[in-house]
Amino acid sequence: MSVQKNVVIVDAYSPTRRLAPEFHKAGYQVVRVQSTLEPPSAYRTNFDLSPYAANIIHAGDLDATVRAVAAHAPEAVIAGGEIGVELADQLSEALGLVTNGTALSAARRDKYIQIETIRAAGLRATRQLLVTGPEQLADWHGELGGRIVVKPIRSGAGDGVSFCDTPEQAVAGYEAIVAADNVFSIRNEGVIAQEYLVGGEYIVDTVSRDGQHHVTDIWKYEKLTANGITDLTCGIRLLPRHGDVQAQVVPYAFEVLDALGIAHGASHLEIKLTPDGPCLVEAAARMAGLDIPFYSQQAIGEAQLEWMVDAYVHPERFAARWKDDYQLRRHFVTAMQVSTVDAELGSYPLLPEVEKLESLHDVRPLVAPGGRLKRTVDDLTCPMIVNLSHPVEEVVVRDFGTLRYLDGPGFYALAGES
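The text that follows walks through the structure, step by step, so that each part is easy to find. Everything quoted here is computed from the prediction, not taken from an experiment. (Residues numbered from 1 in each chain as written. Predicted model: local features only at pLDDT ≥ 70, side-chain atom pairs only at ≥ 80, totals over all residues. Heavy atoms only, no water.)

Here's the deal with the sheet that holds strand β19 (residues 413-414)
Right, on to step 1. Ordered by their spatial adjacency, three strands build an open sheet running β17-β15-β19, and the pairing between neighbours is antiparallel. Every interior strand has two partners, whereas the edge strands, β17 (372-373) and β19, have only one.
Right, on to step 2. Here strand β15 (residues 343-347) runs beside β19; their pairing, made up of two bridges, is antiparallel. Considered in β19, the bridge of Leu345 is made with Leu414. (Pairing = 2+ DSSP bridges. Helix = DSSP H or I, 4+ residues; strand = E, 2+ residues; numbered from the N terminus.)

Encoded structure:
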């Protein structure tokens, strides 16, 4: 009789719902661990527990959770989301499994410690301040001059990020953060201020095993200024593996991974290419969100999902091909529509025009008619995602431009409007 093989995913929620089925294909059951007593409010709907053989709730007693996980004799413990990174490190280390360890766990989650860690490793790092009060922040901004970014030390999806041109704006951004819970339904623990980095922003997604890093996909953020947000993301565009930009950001990304002690598993790095070279915005020791791994699958044929399976349960296969470069089969853009109002949505009157786009892959309305539009200020307040895919790059570029042209007040009919 065969023995069932198991892996554990910590904090698998809807953004990483596609990972468990990949392990199922490899012959593994998946046990889920939840690092908090209650799911974050952003993930409480549309989450299906049926793919998981068990669901263990971590109540704060690490020893008890280690025992509960050990009962399933897992071959690997994997972080399924941002808030699960530290617990995954603790569990994998305690069970003697492949692990990034706990020595640098804080640097993989706390944005201030993260930047100081790569600076100590000799890498280009942004100037920053751990904010302790409004006067300190205003003085620092006044001395630095120019634009700065104020954000929580532990959050995600653009939550709480403010672009500030004056000390007064910086203080307002700071006060908004300290008075709020973050996207993970946890009271903000701290605030950092950083110099504003000028340059294009890129995503480098990787999977590693034994310190060998494989690039699964590279994306460029498309941005605009709206709703008081200077660099509001309105899309991401998949790039080829090689090019002038890639030649600069990828070696830097690998040095960041080494500095943060990420030798195993998935990583998601956001890097600005400044006039002085690449500089880290932030790094995460987990799979990319926004369904990026799925989109990469569509365009490349495989992505972080498949590579994570190899890294954790087929290391010999990973070792045999980690240097192989991905090849684009199709060009891909994920476009994020931008609402400028806070009101009840009646309909999307221009949706038929979107559906005519030659490169249309799919449309994902995040706010349905009858739902509430919010002014788009981050990833969580985007009303609709439109995915574009085509073998010819210029078709995707043209259709993305058309979407930007269509997206405006006329794109949204508010409830009660004729």
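Back to the text.
Overview of the packing of aromatic side chains
Right, on to step 1. Under the definition given, this model contains eight aromatic pairs.
Right, on to step 2. Taking the centre distance of 6.0 Å and the plane angle of 80° together, the rings of Phe163 and Tyr196 count as edge-to-face. Residue Phe163 is found in strand β7 (residues 162-164), and its partner Tyr196 is found in the loop between β8 (191-195) and β9 (200-209); the two are separated by 33 residues along the sequence. Taken as a pair, Phe163 and Tyr196 share a single burial class, namely buried.
Right, on to step 3. Between the aromatic rings of Tyr348 and Phe411, the centroid separation amounts to 5.8 Å while the plane-to-plane angle is 55°, which identifies the pairing as tilted. In this pair, Tyr348 is assigned in the loop between β15 and α11 (351-355) and Phe411 in the loop between α12 (393-406) and β19, connecting sequence segments 63 residues apart.
Right, on to step 4. A relative accessible area of 9% means that Tyr348 is categorised as buried.
Right, on to step 5. Of the residues examined, Phe411 reaches a relative accessible area of 0% and is grouped as buried.
Right, on to step 6. Feature note: the residues Trp219, Phe294, Tyr295 and Phe332 constitute an aromatic cluster, connected by ring pairs.
Right, on to step 7. Above the face of the Tyr221 ring, Lys223 is positioned so that its terminal group lies 5.1 Å from the ring centre. (Phe/Tyr/Trp six-rings, centres within 6.5 Å; stacked < 30°, edge-to-face > 60°. Buried < 20%, exposed > 50% of the residue type's maximum accessible area, 1.4 Å probe, protein only. Lys NZ or Arg CZ within 6 Å of the ring centre and 35° of its normal.)

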